[in-house]
Amino acid sequence: MYKKDIPEETAGMEGYRANIGYRAPDFKLKNENGSQVSFHDWREDMQAVLVFIKAVDDRHTRELLIYLKDDAERIESREGRIIAVSYGNVRFNKRLVKELDLPFHILSDEGCDVIKTYGIFNEYDKLVGPAIFVINKGGIIRYIYTASNPEDVPEDTDILAALQGIVSPIMTEHV
């Protein structure tokens, strides 16, 4: 039923985008404490709510992180784990985690390699907008939310439903 892994020759290419039904690309990045972590290792035995955020300390970024913080317990109760990725450096991410008392890590993708691999890179802004991927225990992408407006966030009911597998895989884009 699920499609195979993302073809290596297309991952990270201009115009490429990680899609529903494909295996989520693995990656290794540093967390806000400077420790290198593997997405595959973190995701083991858990579903992932992979959130890409801009490395801008503004109202929109903080609202999204607080929104996720407020939903963290409900996500965890559905065997999910929030993993945030920004193109900010380790110091920037550490400050956000500390100031907002986040119960999840923010990984640093300074070179935007992971952002490119997931197909949400933009030359001008680096990140098209907030993006969320829900990935099941098998590593398959079940839900994608992307937005070009930093104010847009998905309904938490959509994320929770995707974690429970009670909806068909969906992709939502807000322009």
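Data block above holds the structure.
Reading the values: rules and limits
Residues numbered from 1 in each chain as written. Predicted model: local features only at pLDDT ≥ 70, side-chain atom pairs only at ≥ 80, totals over all residues. Heavy atoms only, no water. Phe/Tyr/Trp six-rings, centres within 6.5 Å; stacked < 30°, edge-to-face > 60°. Lys NZ or Arg CZ within 6 Å of the ring centre and 35° of its normal. Helix = DSSP H or I, 4+ residues; strand = E, 2+ residues; numbered from the N terminus. Buried < 20%, exposed > 50% of the residue type's maximum accessible area, 1.4 Å probe, protein only. Polar contact = N/O pair within 3.5 Å; in protein donor to acceptor, adjacent residues only side chain to side chain. Contact = heavy atoms within 4.5 Å. Core = buried A, V, L, I, M, F, W, Y, C linked by side-chain atoms within 4.5 Å. Lys, Arg positive; Asp, Glu negative; His and termini not counted. Salt bridge = Lys/Arg side-chain N within 4 Å of Asp/Glu carboxyl O.

**Q** Which residues make up the packing of aromatic side chains, and what values do they have?
**A** A complete count under the given rule lists 5 aromatic pairs for this structure. Among the aromatic residues, those joined into a cluster by ring pairs are Phe27, Phe39, Phe52, Tyr118 and Phe133. Positioned over the ring face of Phe121 is Lys116, at 4.9 Å from the centre of the ring.

**Q** Account for the environment of Ser148, with residues named and values stated.
**A** In this fold, Ser148 is placed in the loop between strand 9 (141-147) and helix 5 (156-164). On the basis of relative accessible area, Ser148 is assigned to the partly exposed category, the value being 38%. Sequence-wise, Ser148 and Gly129 are 19 residues apart; in three dimensions their C-alpha atoms are separated by 4.6 Å.

**Q** Just give me the short version of the side chain of Gln47, but keep the residues and values in it.
**A** Inspection of the secondary structure assignment puts Gln47 in strand 3 (residues 47-53). Overall, the relative accessible area of 8% leaves Gln47 in the buried class. In terms of polar contacts, Gln47 uses its side chain to reach the backbone carbonyl oxygen of Leu163, at 2.8 Å. In this structure, Gln47 is in contact with Arg78, Glu79, Gly80, Arg81, Ile135, Asn136, Lys137, Ala162 and Leu163, ignoring residues within four places of it in sequence.

**Q** Tell me about the nonpolar core, and name the residues and values.
**A** In this structure, Leu50, Phe52, Tyr118 and Phe133 are the most contacted members of the largest nonpolar core, which totals 54 residues. Discounting residues that sit within four places of it in the chain, Phe52 has contacts with Val85, Val114, Ile115, Tyr118, Ile120, Leu127, Gly129, Pro130, Ala131 and Phe133.

**Q** Now, about the side chain of Glu32: what can you tell me, with residues and values included?
**A** For Glu32, the position within the fold is in the loop between strand 1 (28-30) and strand 2 (36-38). For the buried Glu32, no salt bridge is present, and the opposite-charge side chain at shortest range is Lys94, 7.6 Å distant. Here the side chain of Glu32 touches Ile106 through a polar contact of 3.2 Å, landing on its backbone nitrogen. For Glu32, the contacting residues outside a window of four places in its chain are Val90, Asn93, Lys94, Val97, His105 and Ile106.

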